[in-house]
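# Inside the fold
One letter stands for each residue in the lines below.
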Amino acid sequence: ALTTGIVGLPNVGKSTLFNAITQAGAESANYPFCTIDPNVGIVEVPDVRLNKLTEMVEPDKTVPTAFEFTDIAGIVEGASKGEGLGNKFLSHIRQVDAISHVVRCFNDDNITHVSGSVDPIRDVQVINLELILADLETVEKRIGKVEKMAKQKDKEAIVEYEVLVKLRDAFEEEKPARSITFTKEQEKLVKGLHLLTWKPVLYVANVSEDELLDTEGNPYVQKVKEFAAKENSEVIVVCAKIESEIAELEGEEKEEFLQDLGIEESGLDQLIKAAYSLLGLDTYFTAGKQEVRAWTIRRGTKAPQAAGVIHTDFERGFIRAEVVSYDDLTAAGSMAVAKEQGKVRLEGKDYVVKDGDVVHFRFNV
Ligand code: GDP
């Protein structure tokens, strides 16, 4: 399964946020394929469309789709040189598909900052630099192998060499790989290097309880936003402390608490949605009397493989998919009416499933 790693310096609020994640946690019985590991938190992906479909179909049960956050502790300055738990930290990051980078944007004199003062950009750079240095080492090793072949006019080697040098130059200026623009062909080569700074990043600005409503007025948050924009990354603002309180509530209680706070959506829900989209994931639905359920696919997945997410038999025996878009279905008000209106299509094995499709698979067993 795809996973997002949570990173950040000590005392920025990572554990508080991760605890909120596990507290809000999905009922794992519904997700037997998810990892069981104390460092992995399974979250349900909030989706109002699922509520609407439930109201319409009135099924026996409703199951949201889920994905994982992995808590990656142990970053310190010097990690790329193997300081502290450095190597372990880097190898954990190598295994995740995207990074949620928690940054301290709250003042609290009672909570020591590892560097003595609150300075989100410096913090971000400490971690990013460790990742950049690790990538620089990767790239330099590769240059050592490719340079000679490039000099002998090997065509492929010349193309790769160009990419490697571009990366090395960026790293030497302390810029992450994701801040560089490559051609499609070059991107393939970059992907093959498995660089840490090529992974998409979401910055999570952790603000104080009293500043959650006025993030525009928080200079730390503004700085993080400016910084993130330069490397094409996104920022989510949360108050980890409040999130841990919200996570203990459900349903109406949760709604009321959010209303009292004056916010529409919890920071955690925003984070989950943003991470989901950062991973390039889409949701399709199945909607039967027994169960209305959301399923996760990578953007661009074709119908048989999308069916395979439900069960491998569905992929193997795939015949056709009956598909109606969420918008068409809810506008029609029921599957029967949608069919009368000709909104339900029969699609074959080359159909690319779209976000929001409501699908019924036909298959041979
Ligand atoms: P970690 O080392 O990054 O995992 O940080 P922790 O989650 O353990 O948080 C460090 C300290 O900061 C703890 O005492 C938390 O209660 C506190 N803390 C975390 N988030 C917030 C926050 O949003 N506001 C305030 N005031 N304190 C927070």
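An unreviewed UniProt entry annotates the protein as Ribosome-binding ATPase YchF of Salipaludibacillus agaradhaerens. Check the Function (unreviewed entry) section of the UniProt entry for the protein; it says "ATPase that binds to both the 70S ribosome and the 50S ribosomal subunit in a nucleotide-independent manner." What the UniProt record of the protein gives under Sequence similarities (unreviewed entry) is the line "Belongs to the TRAFAC class OBG-HflX-like GTPase superfamily. OBG GTPase family. YchF/OLA1 subfamily."

Helix and strand counts for the protein stand at 14 helices and 12 strands. Taking 2.2 N^0.38 as the reference for a compact globule, 365 residues should give roughly 21 Å; the C-alpha atoms of the protein span a radius of gyration of 23 Å, in line with that estimate. Oriented by its inertia axes, the alpha-carbon framework of the protein measures out at about 60 × 60 × 35 Å. Of all 365 residues assigned to the protein, the portion counted as buried reaches 35%.

As a matter of local geometry, the ligand sits amid 17 residues, with Gly 13, Lys 14, Ser 15, Thr 16 and Ala 240 nearest to it. It is helix α1 (residues 14-23) that provides the largest number of residues to the shell around the ligand, a total of 3 residues. Looking at the shell around the ligand residue by residue, the classes come out as 6 nonpolar, 7 polar and 4 charged.

What follows deals with unusual backbone geometry. Although it is not a glycine, His 194 sits at a positive phi angle of roughly 50°. Mapped onto the elements, His 194 comes out in the loop between α6 (184-192) and β6 (201-206). A positive phi angle is found at Asn 232, which is not glycine, with a value near 60°. Of note, Asn 232 is situated in the loop between α7 (219-230) and β7 (234-238).

Mapped onto this numbering, the UniProt entry gives "binding site: ATP" (unreviewed entry) at Asn 11, Val 12, Gly 13, Lys 14, Ser 15 and Thr 16. With respect to the secondary-structure elements, Val 12 resides in the loop between β1 (3-7) and α1. Apart from the residues within four sequence positions on either side, Val 12 is in contact with Val 102, Val 103, Arg 104, Asp 123 and Asn 206. The residue Lys 14 is located in helix α1 in this model. Here Lys 14 is in contact with Ile 6, Gly 8, Asp 71 and Val 102, once residues within four sequence places are set aside.

The rules behind each value
- Residues numbered from 1 in each chain as written.
- Predicted model: local features only at pLDDT ≥ 70, side-chain atom pairs only at ≥ 80, totals over all residues.
- UniProt positions renumbered as here; feature names shortened; annotations may be inferred.
- Helix = DSSP H or I, 4+ residues; strand = E, 2+ residues; numbered from the N terminus.
- Rg over C-alpha atoms; globule rule 2.2 N^0.38 Å.
- Buried ≥ 20, exposed ≤ 12 C-beta atoms within 10 Å, placed from the backbone.
- Near = placed C-beta within 6 Å.
- Nonpolar A, V, L, I, M, F, W, Y, C, P; charged D, E, K, R; others polar.
- Contact = placed C-beta atoms within 7 Å.

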